[in-house]
Amino acid sequence: MTLESFWFAVIAVLFIGFFFLEGFDYGVGILVPFLGKTDDERRLLINTIGPFWDANEVWFITAGGAMFAAFPGWYATLFSGFYMALFLLLVALIGRGVAFEFRSKVERAAWRRFWDWVIFGGSLLPPLLWGVALANMMHGVPIDQNKNYVGSFWDLISLYSVMGGVSMTLLFVLHGALFISLRTSGVLQERARAAAMAVGAWATALTFLFVVLSYLETDMFTRRGIDPGVVPILAGLALFSVQFFIRAKRDGWAFFMTGLTIVLSTITVFMDLFPRVMVSSLNPAWSLTIYNTASNPYSLKVMTIVALTVVPFVLLYQGWSYWVFRKRLSSDHPLEY
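Residues numbered from 1 in each chain as written. Predicted model: local features only at pLDDT ≥ 70, side-chain atom pairs only at ≥ 80, totals over all residues. Heavy atoms only, no water.

Some remarks on unusual backbone geometry
Cis geometry is found at the peptide bond from phenylalanine 274 to proline 275, where omega equals 0°. Positive phi, normally seen in glycine, also occurs at lysine 249, with a value near 60°. For lysine 249, the location among the structural elements is in the loop between α10 (230-247) and α11 (251-273). (Helix = DSSP H or I, 4+ residues; strand = E, 2+ residues; numbered from the N terminus.)

Okay, structure coming up:
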């Protein structure tokens, strides 16, 4: 494996961790105004992700940093071409973080309702934008021979990209509902299961519709043939199994299967792109690859040594934090966060 391939895999792993962990974060945030019928219930729902949400966002920051250091050409084209989308993403994340901190500072009902809806919007917009971005990376965007994005924000909007955004959002809502069912008990757990059943059917249908569109709108068929491979098939089977586990009230297995779907789907996207990182819709020869956007070999070598030294400790710390806060929450749990 070359250093370029290794760092492509590292960035893929970082996005896998980000989508898996922030996936249920976003899902919980979207569901807060709907599953929480009282202020205490909404506070309890926020508490389910209270110890985790900020650490989960670090995966995105790390992925962006790794992209900047390992593939500066990819970083430059992606962040300049998708500038408006990333700006909206940043605004959503800032608003969401502020809402978590400000919501309980004032006891007025109107104040708290306002911040609850900010949490909803700040949780809805990111998965929608990420789905649109990934769909465009696979479909292709106007990149010229100098590796510059020459389109506009509206070039990123199409039926295919919107379908990618909606399907990812619904999948994250399903993931979040199942996380709530694992972290709560009583009436909130039952509402979360009901929400998972309702959203799960739509998430499954639209995800498979997006897969069909991917064969029509991208070069997946010419690159992989009619057989997509083991990884995407397992992703589909995992998603199909979620409804069965919800009906059986096997919340842990259902959550595991949505997580497995997210992990395998993200792997599929990176597999379909490799060795490309962004496809040019103007000329396939102008597509960005891990080779024509990479840093020099010395930089990649130093980064590899640092990553292999530091990352295991970060993973151990985050795993320890989930273990510490593993217990279910109930209405008897203090709502100080």
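Side note on the confidence of the model for the protein chain
The predicted coordinates of low-pLDDT regions are not to be read in fine detail. Overall, the prediction assigns the protein chain a mean pLDDT of 89, with 96% of residues at 70 or greater. Averaged pLDDT values for the elements of the protein chain fall to 69 in helix α9 (residues 220-224) and rise to 95 in helix α7 (residues 159-183). (pLDDT = per-residue confidence, 0-100.)

Quick notes on the pattern of salt bridges
Pairing is possible between side chains that carry opposite charge, provided their charged atoms lie close to one another. Following the criterion strictly, the structure yields ten salt bridges and no others. Salt-bridge contacts for aspartate 39 lead to arginine 103; the nearest nitrogen and oxygen are separated by 2.6 Å. Here arginine 103 lies in the loop between α5 (83-102) and α6 (109-139) and aspartate 39 lies in helix α2 (residues 39-49), a separation of 64 residues in the sequence. In this structure arginine 103 comes out as buried when scored by relative accessible area, which is 0%. Arginine 96 is paired through a salt bridge with glutamate 57; the nearest N and O atoms lie 3.2 Å apart. Here arginine 96, found in helix α5, pairs with glutamate 57, found in helix α3 (residues 53-70); they are 39 residues apart in sequence, far enough to count as distant. Of the two residues, arginine 96 and glutamate 57, both sit in the buried class. (Salt bridge = Lys/Arg side-chain N within 4 Å of Asp/Glu carboxyl O. Buried < 20%, exposed > 50% of the residue type's maximum accessible area, 1.4 Å probe, protein only.)

Topic: empty space enclosed by the protein
A complete count under the given rule lists two cavities of 30 Å³ or more for this structure. The volume enclosed by the second largest cavity comes to roughly 50 Å³. In this structure, the second largest cavity is lined by Phe15, Met67, Trp74, Leu78, Trp130, Leu134, Met137 and Phe270. For the lining of the second largest cavity, the secondary-structure elements that each account for two or more residues are α4 (72-81) and α6. Per-element accounting of the lining of the second largest cavity gives the leading share, three residues, to α6. (1 Å grid on protein atoms, 1.4 Å probe; cavity = no way out; pocket = protein on both sides within 12 Å on 5 of 7 lines; lining within 4 Å. Points joined across faces, edges and corners; volume = space filled by probe spheres on them.)

Re the packing of α2 against α7
Their axes nearest at 10 Å, the elements α2 and α7 cross at an angle of 100°. As far as their axial angle goes, α7 and α2 are roughly perpendicular. Facing α2, whose interface residues are Leu45, Asn47, Thr48 and Ile49, α7 presents Phe179, Ile180 and Arg183. Classifying every residue of the contact of α2 with α7 gives four nonpolar, two polar and one charged. (Axes fitted to C-alpha atoms, helices over the stretch in contact; angles between N-to-C directions. Parallel < 35°, antiparallel > 145°, perpendicular 65-115°, else oblique. Contact = heavy atoms within 4.5 Å. Nonpolar A, V, L, I, M, F, W, Y, C, P; charged D, E, K, R; others polar.)

A word on the nonpolar core
Of all hydrophobic cores here, the largest spans 95 residues; its most connected members are Trp74, Phe82 and Leu174. Apart from the residues lying within four places of it in its own chain, the contact partners of phenylalanine 82 are Thr77, Ala133, Asn136, Met137, Val141, Tyr149, Leu156 and Met278. (Core = buried A, V, L, I, M, F, W, Y, C linked by side-chain atoms within 4.5 Å.)

Structural notes on the side chain of serine 287
Within the secondary structure, serine 287 is located in the loop between β1 (276-278) and β2 (288-289). Residue classification places serine 287 among the buried residues on the basis of a relative accessible area of 4%. At a separation of 3.0 Å, a polar atom in the side chain of serine 287 contacts the main-chain amide nitrogen of serine 280. Only 2.9 Å separates the side chain of serine 287 from the backbone oxygen of proline 284, close enough to count as a polar contact. Serine 287 has contacts with Arg276, Met278, Val279, Ser280 and Asn292, leaving out every residue within four places of it along the chain. (Polar contact = N/O pair within 3.5 Å; in protein donor to acceptor, adjacent residues only side chain to side chain.)

Considering the packing of aromatic side chains
Within a pair of aromatic rings, the relevant descriptors are the distance that separates the centres and the angle that separates the planes. Inspection of every chain in the model, using the stated rule, returns 36 aromatic pairs. Taking the centre distance of 6.4 Å and the plane angle of 25° together, the rings of tyrosine 26 and phenylalanine 172 count as stacked. Of this pair, tyrosine 26 sits in helix α1 (residues 3-35) while phenylalanine 172 sits in helix α7, and the two are 146 residues apart along the sequence. Measuring from ring centre to ring centre gives 5.9 Å for phenylalanine 179 and phenylalanine 255, while their planes differ by 45°; the resulting arrangement is tilted. (Phe/Tyr/Trp six-rings, centres within 6.5 Å; stacked < 30°, edge-to-face > 60°.)

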